[in-house]
Amino acid sequence: MSRNENKISLLVVVTVLIVMVVGAWRISGLYNQVTLTIGVYSGSYWDTPNGDCYQILDTAISEFEEQHPNVKVNYVSGIGADDYSEWLAEQILLGKEPDLYFVLPEDFTLLASSGALAKLDDMLFEKKEFHREDFYSPCLLAGRYNGVQYALPHESVPSIMFVNKTLLAENGIEFPGSDWTWDDFYRICQKVTDPENHRYGVYNYTWTSALYSNGASLFSDDGKKCFLSDDKVQQAVQFVQKLKALNEGYTVTSKDFDLGYVAFRPFLYSEYRAYQPYPWRVKRYTHFEWDAVTMPAGPKGDNISELHTMLVGLSSRSRHTDLALDFAVLLCSDPDIQQNIYRYSHGISPLKSVTGNKDNELLLRHDIPGGGAFGNELISEIMSTAAVSPRFSKYDQAMNMAEAAVNESQNSSVSIGGLMYSAEREITEFLNKK
Amino acid sequence: MRNEKLLKDTSILMYVLNAVIILYYCMIVPATTYRICHSFSAYQFISEADRIPMKPMRMPLMAVMLFFVLWQISFRKGRSSAGNRFPVWSVCAVEIIICVLLIESLNFYYSGIALLVLTDLVNDVRNNRVRFLLIGLLTLIFAVGRYEVLPVASSRTPLSVYLEYYKPGIRMFLSGIESTLVSANTLLFVFYMVQLFAGQKEENERIQSLNNQLSDANLQLKKINAEMERMTEIRERNRFAREIHDTLGHTLTGIIMGSQASLALFDINPGEARKKMETVTQSARDGLADVRQSIKALRPDALEKHNLDQALEEMIIKFQATTSAFIRYEQEAGSLDFAEDEEDTLYRIIQECMTNAVRHGHADYIRIRMSKHDDVLVIDIRDNGKGCSSVTEGFGLRHMQERLDLLSGSLTYGNRRDDPGDGENGFYVIASLPVRKKEEEQKHDQSADC
């Protein structure tokens with residue numbers, strides 16, 4: 001018995017010693033070397049050439065390491081933007097996710113709802129370097145889920161309308177102004193469309209794109225209600241149907257636009273920035289002159305674009321959340337670092353002070369022959385009014401249901417109103433189901 | 001004994017089974033995680049689960065360690081024969097805490113551990129109330145500690161999402177194994193409990209029957225005791241008869257024969273008759289000595305060893321010790337040096353009165369006062385018992401009376417209430433005895449000799 005007792009007490013002593021040593025090592029680790037890991041993709045998420053995320057990150061890292069001499073910041077390079085979501089999911093599954101990581105716009109809802117991202121509100125409150133009002137509010141909104149800030153905006157890209165200037169000139173139409181409306185849009189399309197010569201008005205302008213510029217939203221902010229039968233929504237649906245009717249049954253393809261047969265196509269601002277300047281300009285749309293303009297305003301809305309925002313979030317399981325947040329705040333709200341977005345990427349900084357800066361406009365216009373249609377005032381306007389797609393966990397499924405209902409209404413003889421009402425009820429029911 | 005062994009074997013089997021179940025979960029979860037990562041379905045997995053899983057190695061590390069600790073506690077507890085190295089409640093508390101942690105570390109997939117811990121603890125605890133408390137608590141943990149029931153568990157990734165990764169055939173096979181193991185555990189638990197309570201019933205019955213045997217034996221013993229008392233009495237009586245026959249009978253026969261002979265010789269030869277009478281006298285004296293010898297053999301032991309004073313004190317002390325009645329003994333009669341028959345009588349009266357006071361009067365206080373007035377010794381004995389409603393001459397009172405009559409003494413007794421000078425509750429006995437001195441007795445003897 002006494003031998004056993006000796007053994008047990010020895011075991012206890014050894015365990016306590018190990019715990020103490022590990023604890024001391026951990027604690028001392030806080031004061032010595034800390035390694036902060038970052039999840040980042042290579043290349044450009046915005047599907048544009050020569051975008052380089054690492055450049056921006058490296059600058060931020062060297063500045064951060066200068067500010068925090070005891071911190072070493074690491075990232076794994078070489079994960080393509082296409083593989084990034086899966087790579088991140090794998091790291092989370094294995095419990096090895098980085099302390100902070102870039103969050104692609106389409107992944108944000110899942111990462112926030114699954115609890116992978118840390119809630120930032122309380123921590124941000126204590127960060128003196130962070131000021132909410134420095135950002136365009138739609139950009140910050142993109143990082144909110146269920147009323148909680150889960151991520152900070154790093155770079156935003158709004159949707160804009162590409163215009164085939166050559167086609168417009170051929171028809172003697174003036175380039176539309178940035179405050180153009182659905183009526184202007186429809187009139188131009190009507191003029192351009194000539195099915196016999198294979199000329200069409202617009203490609204890929206869907207009722208969901210039309211929604212935002214008519215001041216409508218399909219879902220309530222909390223994702224519990226659907227407004228499919230709302231007047232503004234119905235106007236958008238009917239407007240798109242009207243446009244479609246011009247084509248006399250022909251379905252316009254992207255190839256038609258590329259070959260210069262189509263006047264308009266919604267696109268991301270990043271592509272405009274990437275392909276407008278030389279040398280990339282020659283890579284695309286060589287058959288015609290092109291430029292871009294804001295989205296046309298609906299009768300009850302404005303020239304509002306949908307905004308896509310690249311976010312930076314913190315792992316909810318990180319042991320260095322405070323340091324990670326410091327880095328995220330530096331990366332997203334330091335004007336000098338954000339400035340680099342104009343050098344190395346094709347998005348727009350979510351910071352008002354950077355995007356509204358005249359020097360940046362020069363930098364931008366320098367690239368674009370003829371100056372282009374977008375000055376910083378217009379971009380600032382687009383950024384501050386842009387719409388952010390709703391973020392709740394059932395969004396994708398609910399959106400599919402709404403699309404199906406709209407498609408059905410276009411092909412059926414039943415009264416559209418009744419169909420929309422029943423679809424709306426069905427979707428709302430689905431949203432509230434546990 | 002057979003039952004104990006069966007219980008122990010069942011318990012070991014349950015430990016083994018639970019180890020297998022825990023290993024099952026600890027293998028499924030990390031193995032599936034790594035497979036998912038290798039087949040690039042991690043994003044889909046998180047979308048389906050809509051929550052991020054625990055680190056894959058957390059479950060195996062935690063669960064195996066906790067189970068090992070639980071097993072160690074159970075094993076060591078079983079081996080330490082003293083059993084009181086740790087109090088039972090602390091063992092219970094530790095095991096229940098480990099049980100809860102273990103269920104948590106298994107993502108609430110499996111709560112059968114609670115049944116294992118219950119079988120482990122229910123045997124240690126003998127108190128029925130605590131036992132039912134344990135059964136209630138652990139059954140609650142078993143019922144509530146399930147993924148489907150507990151709200152806390154919804155933050156964990158359900159096992160079904162892991163199994164979703166596999167093809168339907170393999171999925172069915174895996175969940176088949178799981179449900180078989182889990183049901184086997186439940187079955188073993190039920191079997192264990194049935195055995196435990198059946199064994200307990202058997203033991204209760206055994207104790208009952210032993211009790212019956214004991215009371216039978218007690219009754220028997222009482223009977224034998226009474227029988228023995230009667231036998232002793234008979235033997236004593238026989239001895240008495242023999243003694244009387246041997247001594248008095250013999251002497252009296254001699255005296256009768258001698259005196260008849262003397263009578264016959266009286267006229268013929270008065271000298272011879274006188275001689276004969278002298279022999280008869282001698283013979284009567286011898287007879288008396290014999291009788292005395294016999295009576296001496298019947299004296300109380302205490303009086304044989306000590307004088308009356310010491311013998312009385314010793315008797316009172318012993319009586320107090322055996323009955324817990326308090327006895328106040330006031331000896332105001334000076335030296336108690338009396339003839340043997342008087343001493344015997346005094347001793348027996350006091351003894352009888354004390355016995356009566358406790359046995360019949362249920363007294364716990366007795367006062368004995370002894371005083372002497374002009375060679376008359378007065379013994380006044382009073383108790384605080386319930387007295388006697390109708391005084392019958394049982395209880396040895398007649399015996400006392402007879403003894404005193406022989407020595408020309410007197411006896412009064414009754415309820416103290418009826419004594420005009422007293423009036424308290426209880427019983428009193430007053431014995432008066434004219435006493436002779438030892439020298440007097442010797443003189444008396446010599447005068448008898450003459």
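This write-up is about the structure you can find in this document.

What counts as what
Position labels on residues start from 1 in each chain and follow its written sequence. Here chains are named by letter from A upward and ligands by number from 1 upward, in the order in which they appear as written. Whole-chain, interface and lining totals are the exception, using all residues; otherwise, since this is a predicted model, local features are given only for residues with pLDDT of at least 70 and side-chain atom pairs are given and counted only at 80 or more. Each side-chain value is derived from all of the structure's non-hydrogen atoms; neither hydrogens nor water enter the calculation. Only protein chains enter the accessibility calculation, which uses a 1.4 Å probe; a residue is then buried when its area is under 20% of its type maximum, exposed when over 50%, and partly exposed in between. By the criteria applied, helices consist of DSSP H or I runs no shorter than four residues and strands consist of E runs no shorter than two, each listed in order from the N terminus. Note: two strands are recorded as paired if DSSP finds a minimum of 2 bridges between them. Any two residues whose heavy atoms approach within 4.5 Å are treated as being in contact. Buried area is understood as the total, over both parts, of accessible area removed when two parts are fitted together, assessed with a 1.4 Å probe. A side-chain nitrogen of Lys or Arg and a carboxyl oxygen of Asp or Glu constitute a salt bridge if their distance falls within 4 Å. A fitted line through C-alpha atoms serves as each axis, taken over the contacting stretch for helices, and the angle formed by two N-to-C directions is quoted from 0 to 180°.

**A closer look at the pairing of strand 5 (residues 427-434) of chain B**
Residues and elements named next belong to chain B.
No. 1: In terms of burial, strand 5 is a largely internal element, 6 of the 8 residues being buried.
No. 2: Here strand 3 (residues 376-383) runs beside strand 5; their pairing, made up of 7 bridges, is antiparallel. Across the sheet, residue Val 378 finds its bridge partner in strand 5, namely Ser 432.
No. 3: The pairing of strand 4 (residues 410-415) with strand 5 spans 6 bridges and is classified as antiparallel. Residue pairing in the sheet places Thr 412 in a bridge with Ile 430 of strand 5.

**Section: the interface of chain B and chain A**
No. 1: Taken together, the contacts link 22 residues of chain B with 22 residues of chain A.
No. 2: Carbon and sulfur atoms make up 64% of the surface buried where chain B meets chain A, a total of about 2,000 Å² over both sides.
No. 3: Inspection of the chain B/chain A interface yields 0 salt bridges.
No. 4: When contributions to the side of chain B that touches chain A are tallied by element, the ones reaching two or more residues are helix 1 (2-38), helix 2 (42-49) and helix 3 (58-79) of chain B.

**A look at the pairing of strand 3 of chain B**
Residue and element names in this part refer to chain B.
No. 1: In terms of residue burial, strand 3 counts as a mostly covered element, since 7 of its 8 residues are buried.
No. 2: The pairing of strand 2 (residues 365-373) with strand 3 spans 8 bridges and is classified as antiparallel. The residue of strand 3 that forms the bridge with Arg 367 is Arg 382.
No. 3: Where strand 2 folds back on strand 3, the antiparallel hairpin that results is connected by 2 residues, among which Asp 374 adopts a positive phi of roughly 50°.

**Some thoughts on the sheet that holds strand 1 (residues 326-332) of chain B**
Residue and element names in this part refer to chain B.
No. 1: Overall, mixed pairing links the 5 strands, which are arranged 1-2-3-5-4 in an open sheet. In the strand order of this sheet, the two ends are held by strand 1 and strand 4, each with one partner. The sheet shows a mean angle of 10° between the axes of neighbouring strands, taken without regard to direction.
No. 2: Helix 11 (residues 308-323) rests against strand 1 and strand 2 of the sheet, and its axis sits at about 165° to strand 1.

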